[in-house]
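A look at the structure
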2 protein chains.
Amino acid sequence: MQRYFAVDKRDDLFILESSDLHHISNVMRMKDGDFVEVVFDKVLYKCKVVIDNGITIIYDSILHGNDDPIDIVLIVPILKEQKMDLVLQKATELGATRIIPIITERCIVKLNDKESKKLERWSRIVKEASEQCKRISIPIIDNVHTISELNFSDGVKLVCSTRENEKNIKNIMHNLNGCAKMYIVVGPEGGLSIDEENKLNDLGFVSITLGKRIMRVETVPMFVLSILNYELME
Amino acid sequence: MQRYFAVDKRDDLFILESSDLHHISNVMRMKDGDFVEVVFDKVLYKCKVVIDNGITIIYDSILHGNDDPIDIVLIVPILKEQKMDLVLQKATELGATRIIPIITERCIVKLNDKESKKLERWSRIVKEASEQCKRISIPIIDNVHTISELNFSDGVKLVCSTRENEKNIKNIMHNLNGCAKMYIVVGPEGGLSIDEENKLNDLGFVSITLGKRIMRVETVPMFVLSILNYELME
């Protein structure tokens, strides 16, 4: 069943974005009486599509949906459009709950005044990816941060380092017992500067190595999130 | 140092493809006396670029290169161009040593008479990815196979299944002691047919689940290879 995220629920009626209603009628070509899955406020519903003068989405029943076992905050430099899109889509598939884009010294992409337009695009990508991989929540995309703004009081905090040789991701992931929230910083092409990594260490982020392979920047989030899923697998 | 794969070595002279020589002189704009890394026959060399009437690549010294700890054979359905390119690039970064494209019932892409052209394209992608991530071997790309041709006598054989619920990838990966070769089959969008999976099971492939997440086809190889790298990490 096709899945959509509702923006509101009024009694038995679900309010969907107009682009989703367009998708239902013109892309999926659904008929009156067809069913869809609708997520609202992290609850998954089975709903009936009623086509009359317009389209109405009506409550049918509650379905069982899996929620994410832990809160995963992915912190990534702003990348070129295609790579950024890939990271957002894959991070959504692999369970990131929040994504914080950051500006670093070695970032190639400059935002200038395009931030709100980019955020809009990124939000659309994670929403569509969430529908496609049938999540019951959409990752939150934060405003663009600087390194010094990454000041969080809770959770396990990691930075994927190109300088660290001793402590690897395995040492950390083997000890996730009771971890409810994890922050993971990925560096840009060319890595974080020494200053930036030091600043992150001061903010409580532990530098880890991902092993000997040389990976492109956009591969790193998929690598780390795959491993995290693996370690959380029952 | 930029890395290239030589096609031949004659005494102290390394023979590179003309596109690599073009890359050295016109893209990297190297000068007479600059150094490059050259891999030949799984050995990594430091070489001097000699620019005279043409470009010559001359032996300087042997460098230390990491070889792959185990043989990883990735077996993937033929995907649409962009997704196939992504899988090949990421599989190379994550250490696949051989890639076998397969035709399955639910493959969307039909090859017709384009196989040799595709193979050429795919080989170019894995060569470039190998240079970029500084491997000392390039994954071998096999001819397109059918399921029945996947008959191998050695190694651990896995098929990523959408039907299996019990045996997960963790059960297998936790017991890799002494494994020298692994075959991993990934299904197409919509999964392998029951017949195909049964045939693979008959050929010794063990069906495993990757957990509860719904992943796009192209995400699956990255997921499995990330986990494999993780388990092989020291």
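Residues numbered from 1 in each chain as written. Chains lettered and ligands numbered in written order. Predicted model: local features only at pLDDT ≥ 70, side-chain atom pairs only at ≥ 80, totals over all residues. Heavy atoms only, no water.

**Considering a nonpolar patch on the surface**
A contiguous nonpolar surface patch, about 240 Å² in accessible area, is contributed by Val-43, Tyr-59 and Ile-62 of chain B. In this fold, Val-43 of chain B is placed in strand β4 (residues 43–51). (Patch = residues over 30% accessible without salt bridge, like charges linked within 9 Å, V, L, I, M, F, W, Y side chains within 5 Å. Areas by Shrake-Rupley, 256 points an atom, 1.4 Å probe, with all protein chains shown as cover. Salt bridge = Lys/Arg side-chain N within 4 Å of Asp/Glu carboxyl O. Helix = DSSP H or I, 4+ residues; strand = E, 2+ residues; numbered from the N terminus.)

**Here we look at the domain arrangement of chain A**
All names here are of chain A. By the assigned domains, chain A splits into domain 1 (3–63) and domain 2 (71–232). For domain 1 and domain 2, the distance between their C-alpha centres works out to 33 Å. On the side of domain 2, eight residues touch domain 1, which itself brings nine residues to the contact. Buried area between domain 1 and domain 2, summed over both chains or domains, comes out near 800 Å², and the portion from carbon and sulfur atoms is 58%. Run the count over domain 1 and domain 2 and you get three salt bridges. The closest approach of N and O atoms between Glu-17 and Lys-127, which form a salt bridge, is 3.9 Å. Joining domain 1 to domain 2, the criterion identifies four residue pairs in polar contact (both at pLDDT 80 or more). (Domains from an automatic or database assignment. Contact = heavy atoms within 4.5 Å. Buried area = accessible area lost by both parts, 1.4 Å probe. Polar contact = N/O pair within 3.5 Å; in protein donor to acceptor, adjacent residues only side chain to side chain.)

**Some remarks on the relation of the copies chain A and chain B**
Expressed as a screw transformation, the operator carrying chain A onto chain B has a rotation angle of 180° and an axial translation of 0.0 Å, and the superposed copies differ by an RMSD of 0.0 Å. Overall, the copies show the geometry of a two-fold rotation axis. Minimal C-alpha distance to the rotation axis in chain A is attained by Ile-227 of chain A, lying at 2.8 Å. In this assembly the copies share their binding face: 100% of the residues contributing to the interface of chain A also contribute to that of chain B. (Least-squares fit on C-alpha atoms with pLDDT ≥ 70 in both.)

**Describing the pattern of salt bridges**
For the structure shown, the criterion picks out 34 salt bridges over all chains. Of the charged contacts, one joins Arg-98 of chain A and Asp-142 of chain A as a salt bridge, the two residues approaching to 2.9 Å between their closest N and O atoms. Highlighted residues: Arg-98 of chain A in strand β7 (residues 98–102) and Asp-142 of chain A in the loop between β8 (140–141) and β9 (156–160), separated in sequence by 44 residues. A residue is classified by how much of its surface remains accessible, and Asp-142 of chain A, at 13% relative accessible area, is buried. The residue Asp-154 of chain B makes a salt bridge to Lys-181 of chain B at a minimum N-O spacing of 3.6 Å. Of this pair, Asp-154 of chain B sits in the loop between β8 (140–141) and β9 (156–160) while Lys-181 of chain B sits in strand β10 (residues 181–185); the two residues are 27 residues apart in sequence, bridging distant segments of the chain. The network of salt bridges with common partners includes Lys-83, Arg-216 and Glu-218 of chain A together with Lys-90 and Glu-93 of chain B. (Buried < 20%, exposed > 50% of the residue type's maximum accessible area, 1.4 Å probe, protein only.)

**Comments concerning the interface of chain A and chain B**
Across the boundary between the two partners, chain A contributes 37 residues, which contact 37 residues of chain B. A buried area of about 3,400 Å², summed over both sides, lies between chain A and chain B, and 54% of it is on carbon and sulfur atoms. There are four salt bridges connecting chain A and chain B. Taken together, the links from chain A to chain B amount to 21 residue pairs in polar contact (both at pLDDT 80 or more). The leading source of residues in the side of chain A that touches chain B is helix α6 (residues 219–232) of chain A, at nine residues.

**A look at the sheet that holds β9 of chain A**
By way of backbone hydrogen bonds, the strands of a sheet pair with one another, either parallel or antiparallel. Residue and element names in this part refer to chain A. If you trace the six strands from one edge of the open sheet to the other, you get β8-β7-β6-β10-β9-β11, paired in parallel fashion. With partners counted over all chains shown, the strands left at the sheet margins are β8 and β11 (206–208), one partner each. In this structure, β9 lies alongside β11, joined through three bridges in parallel fashion. The residue of β11 that forms the bridge with Val-159 is Ser-207. Each of β6 (71–77), β7 and β8 touches helix α2 (residues 81–93); the most contacted strand, β6, lies at about 175° to it. (Pairing = 2+ DSSP bridges. Axes fitted to C-alpha atoms, helices over the stretch in contact; angles between N-to-C directions.)

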